[in-house]
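# Working through the structure, step by step
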Amino acid sequence: MSLITCESVGKSYGSKRALNNVSFTIEAGAPIALVGPNGAGKTTLFSLLCGYISPTDGQVKIFGERPNSTALLGQIAALPQDARLDPNLTVLAQLVLFAQLQGFNNKQAKAESLRVLALVGLADVAAQKPLSLSHGMSKRVSIAQALIGQPKLVLLDEPTAGLDPANAKAIRELVTAQSVHTTFVISSHNLDELEKLCDKVLYLDQGELNQSVSIKDAQADDYLTVSMHDCDNEQFNSLINAFPEVLSVKNSQHNEFVIQYTKHAGYQFELKLFELFATHQWQYHTLQRGRTLEDKLFS
Ligand SMILES: Nc1ncnc2c1ncn2[C@@H]1O[C@H](COP(=O)(O)OP(=O)(O)OP(=O)(O)O)[C@@H](O)[C@H]1O
């Protein structure tokens, strides 16, 4: 059975249509990205999946159940964008409280809270109150809270927003490790990050599901994305375009080129590229097979 099924889902807030005719199916497995501009309806979709609000039209099912069904108790968790910890309770006390709400007894709740705190690398702050924690640590505690009871589905709204690179990396590693038994749906504006984490991307725009893109799709080998240190862009363009296997070259952004080429050219084409770089003493910064997520969504 599919993990999430949305059929013709719409949501209106009074006269404001936040989601319109959204349909998709998600199977359990690798993390899924939810992308879209501000106001696209991402938080609304998360709220529908969590059962905080009900759709105006259509239906949402999780493992075949309505999101607020008691059959799903403990199976779905969410990190809201504006998650706040209770400033009056220690980190451990509030996690224990949430574990108890999920049905753990006192002893199990404490053990489970310490387990999830260890997962996010914060076992040593159990006795502290939230005001003594940094922003990144608070976010990790909120993620620990979402992992209580090892839910099958975890929705993360902007999990790394405002975090320093080390904290953001720690969260990405945590998501990857937990993906063995938990499916994450991650809303973020950080496309580079989503590209590292996810296989599939749902792109919402003005309340409509505009695209559903597979990051590791079969067509990836038709493109190379190369970022150059320094080269003459015009000369680069014309010399690459002169290769018979090249179908198009696009200067996607400063010093970055997306080269589309015929699939049968294979590795030989890459060797020709390197020879060209050597001849002109051009240094490349990165060479990536396929296109970036940004290019797939916005080109
Ligand atoms: N409670 C509400 N009442 C009225 N309008 C709302 C409400 N919640 C959201 N909206 C509107 O619905 C639309 C979708 O909002 P939503 O918060 O779901 O978008 P979002 O993609 O999460 O945006 P962001 O990236 O800025 O967080 C917006 O136009 C927003 O103003």
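The structure presented is a predicted model; accordingly, all values stated were derived computationally and were not measured.

The secondary structure content of the protein chain amounts to nine helices and 13 strands. Seen through its principal axes, the protein chain has C-alpha atoms that stretch 70 × 45 × 35 Å. Per-residue burial for the protein chain yields a buried fraction of 45% across its 299 residues. Total accessible area on the protein chain stands at roughly 14,800 Å², and carbon and sulfur atoms take up 50% of it. When the 25 positive and 30 negative side-chain charges of the protein chain are each reduced to one mean point, those points stand 9 Å apart.

Further remarks concern the domain arrangement of the protein chain. One widely used convention gives an interface's size as the accessible area the parts lose upon coming together. Structurally, the protein chain comprises domain 1 (4-88 + 143-214) and domain 2 (218-298). Computed from C-alpha coordinates alone, the two centres of domain 1 and domain 2 are separated by 34 Å. Facing the nine residues of domain 1 at the interface are eight residues of domain 2. Here domain 1 and domain 2 share zero salt bridges between them.

Our next topic: the pairing of strand E11 (residues 246-253). Side chains on a regular strand alternate between the two faces of the sheet. Where E11 meets strand E12 (residues 256-261), six bridges bridge the pair, whose relative direction is antiparallel. Note on E12: the bridge partner recorded for valine 249 is isoleucine 259. Count of turn residues in the E11/E12 antiparallel hairpin: two residues, of which asparagine 255 carries a positive phi of about 65 degrees.

Bringing the pairing of strand E6 (residues 153-157) into the picture now. Counting buried positions over the five residues of E6 gives five, a clear majority of the element. By the alternation rule, side chains of E6 split into Leu153, Leu155 and Asp157 and Val154 and Leu156, which are all buried. Here strand E5 (residues 76-79) pairs with E6 via four bridges, running parallel. Bridge pairing in E6 links alanine 78 to leucine 155. Bridge count between E6 and strand E7 (residues 183-187): five bridges; the pairing is parallel. From the neighbouring strand, leucine 156 faces E7, where its bridge partner is isoleucine 186. In this fold, the crossover linking E6 to E7 by way of helix H5 (residues 165-178) has right-handed handedness.

Position of glycine 162 among the secondary structure elements: in the loop between E6 and H5. Judged by relative accessible area, glycine 162 falls into the exposed class, the value being 70%. For glycine 162 and histidine 135, which are 27 residues apart along the polypeptide, the C-alpha to C-alpha distance reads 7.9 Å.

Cut-offs and rules
- Residues numbered from 1 in each chain as written.
- Predicted model: local features only at pLDDT ≥ 70, side-chain atom pairs only at ≥ 80, totals over all residues.
- Heavy atoms only, no water.
- Helix = DSSP H or I, 4+ residues; strand = E, 2+ residues; numbered from the N terminus.
- Buried < 20%, exposed > 50% of the residue type's maximum accessible area, 1.4 Å probe, protein only.
- Areas by Shrake-Rupley, 256 points an atom, 1.4 Å probe, with all protein chains shown as cover.
- Lys, Arg positive; Asp, Glu negative; His and termini not counted.
- Charge placed at Lys NZ, Arg CZ, Asp CG, Glu CD.
- Domains from an automatic or database assignment.
- Contact = heavy atoms within 4.5 Å.
- Salt bridge = Lys/Arg side-chain N within 4 Å of Asp/Glu carboxyl O.
- Pairing = 2+ DSSP bridges.
- Right-handed = clockwise from strand over helix to strand, strands pointing away.

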